[in-house]
Amino acid sequence: MKEITSCHIELAAASLTIPSSASLVIKGNIHFNLASSLKLSQIVLKLHGYSQFDNSQKSAITRNVNVKDLIKQKLTVVNITTNYPVGGTILPFVLIIKNPQVLPASVEGKHAQIRYVLIAELTKAGHPPGVFKATKNVILRKRISEGVIDLNEKLVLEDEKENLLKYRVLVSKYLIVSDIAGQEGDDAMPRGTIKVEASFESLAEKTAVKEVKVEAFEYEMYNFAKVGTTSSGGSTSTPTKPTAGAKSGTKPKSTNVASRTAGKIPAFSAISIPNPHHTNPILTPALSIPIASTGSPVANFEIPITTKMKPDSNASFLEVKHEIVLTIRFEKFMLMPLKLEVPVIVITDSENQVSAT
């Protein structure tokens, strides 16, 4: 319709949290601008939630995308023929979703997605008939806990390496990110920081620590058999335990990051290959933190994350996890580096009650 120069849906918040028991209320406005007056017989708003999985082979000419509907709901905003004048019009709406607890949270993976889309349909009165459509993605989040999350909580990794070195490393358990309307892609400004405190004690000559190399990864793990199921979704409710020396006396793993596609991903507690997965480095380039060689080497540093990240998710067919990998290198070049793999839970401030005190 040439009379409509623009039309968009504005939401009251960048993302919405699925409540634990009550209905979910979506509030917003439909904005449209007219170059000339226009008579509309009806304005409706539709919500379409769906999961989809791209099962196409790399060599396939056509795409094989499986789509499963999760929710379809309709709201009539205007149901009487109205003549709208030239200029802008704003129509508020309130869409109520009953029993939203059965819905999984939004997630965007490389090969699979869970999406919720609002569609505004403006129907022209008279002849010739016409329908103008505008869409808006709705981001739904789920809390990982009903209680207050302490952002200062740390994961403690302490152990001894072959009677050569004692170490104690404290890493932030949570990384909080924000859903900001219109914010897409990566940014030069950190989206969050992970605090690390590390202390080392040499037990033998020339075993002093030289530096700590820091890497960070985001993992996507897919399960073909569960595409379209809604039994779970949102952030993980059972945090993964550290895999490297989380308790005194355990030996840290030394999995080679470069060959993760060939073995089990440490951040996942009960999943092993051959399930397909995707690894995304979220700290590029890796950080190198020098450690003083005199006195008692103690390092306190922050890991800035500028890459856009997904919150942790345990949707039935797509899990998303995050991990920090600390590679401790020694002054004595012949000693094998010590590698610590630390899971970090990424959450959003809109979906969780957080405390930084």
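Since we're looking at a predicted model, the values are computed, not measured.

Engineer: Please set out empty space enclosed by the protein residue by residue, giving values where relevant.
Structural biologist: Taken as a whole and judged by the stated rule, the model has two cavities of 30 Å³ or more. As a volume, the second largest cavity reaches approximately 30 Å³. In terms of lining, the second largest cavity is formed by Val169, Val196, Ala198, Phe200, Val212, Phe301, Leu326, Ile328 and Leu340. Contributions of two or more residues to the lining of the second largest cavity are made by β16 (192-202) and β22 (318-330).

Engineer: Any chance you could break down the environment of Leu203 for me, citing the residues and the numbers?
Structural biologist: Counting through the fold element by element, Leu203 comes out in the loop between β16 and β17 (209-222). Residue classification places Leu203 among the partly exposed positions, given a relative accessible area of 35%. Along the primary structure Leu203 and Leu165 are separated by 38 residues, whereas in three dimensions their C-alpha atoms are 5.2 Å apart.

Engineer: Account for the nonpolar core, with residues named and values stated.
Structural biologist: Within the largest apolar cluster, 41 residues are counted, with the highest numbers of intra-cluster contacts made by Ile26, Ile30, Phe32, Ile43, Tyr116 and Leu118. Of all the secondary-structure elements, those providing two or more residues to this core are β1 (4-11), β3 (24-34), β4 (38-54), β5 (65-78), β7 (87-97), β9 (112-124), β10 (130-138) and β22. With residues up to four places along the chain from it excluded, the contact list for Ile43 reads Ile30, Phe32, Thr76, Val77, Val78, Tyr84, Leu91, Glu121 and Leu122.

Engineer: Tell me about the sheet that holds β1, and please be specific about residues and values.
Structural biologist: In space, the three strands of this open sheet follow the order β1-β3-β7, with antiparallel pairing throughout. Each edge of the sheet is formed by a strand with only one pairing partner; in this case those strands are β1 and β7. Within this sheet the neighbouring strands show an average axis-to-axis angle of 20 degrees, counted without direction. By the bridge criterion, seven bridges tie β1 to β3 in an arrangement that is antiparallel. Pairing of Ile4 across the sheet is with Leu34, part of β3.

Engineer: Provide a residue-level description of the sheet that holds strand β14 (residues 165-172), including the pertinent values.
Structural biologist: Sheet architecture is open: four strands sit in the order β13-β14-β16-β20, paired in antiparallel fashion. At either margin of the open sheet sits one strand with a lone partner, and together these are β13 (154-161) and β20 (298-305). Between one strand and the next, the sheet's axes are offset by a mean angle of 15 degrees, whatever the strand orientation.

Engineer: For unusual backbone geometry, give the residues involved together with the corresponding values.
Structural biologist: Cis geometry is found at the peptide bond from Thr284 to Pro285, where omega equals -5 degrees. Relative to the assigned elements, Pro285 resides in the loop between β18 (277-281) and β19 (287-290). Even without being a glycine, Asn99 presents a positive backbone phi close to 55 degrees. Here Asn99 is to be found in the loop between β7 and β8 (107-108).

Engineer: A description of the pairing of β9 should follow, citing residues and the corresponding values.
Structural biologist: Where burial is concerned, most of β9 is hidden: 11 out of the 13 residues are buried. Across 13 bridges, the pairing between β4 and β9 is antiparallel. Counted as the bridge partner of Ile43 is Leu122 from β9. Relative to β9, β8 runs antiparallel, the two being bridged by two bridges. Bridge assignment links Val107 to a residue of β9, and that residue is Ile114. Hairpin connection from β8 to β9: three residues lie between these consecutive antiparallel strands. Where β9 lies against β10, nine bridges are found, and the strand directions are antiparallel. By the bridge assignment, Ile119 is partnered in β10 with Thr135. Count of turn residues in the β9/β10 antiparallel hairpin: five residues, of which Gly126 carries a positive phi of about 80 degrees.

Scoring rules and cut-offs
Residues numbered from 1 in each chain as written. Predicted model: local features only at pLDDT ≥ 70, side-chain atom pairs only at ≥ 80, totals over all residues. Heavy atoms only, no water. 1 Å grid on protein atoms, 1.4 Å probe; cavity = no way out; pocket = protein on both sides within 12 Å on 5 of 7 lines; lining within 4 Å. Points joined across faces, edges and corners; volume = space filled by probe spheres on them. Helix = DSSP H or I, 4+ residues; strand = E, 2+ residues; numbered from the N terminus. Buried < 20%, exposed > 50% of the residue type's maximum accessible area, 1.4 Å probe, protein only. Core = buried A, V, L, I, M, F, W, Y, C linked by side-chain atoms within 4.5 Å. Contact = heavy atoms within 4.5 Å. Pairing = 2+ DSSP bridges. Axes fitted to C-alpha atoms, helices over the stretch in contact; angles between N-to-C directions.

On their own, these measurements won't tell you what the molecule is for.
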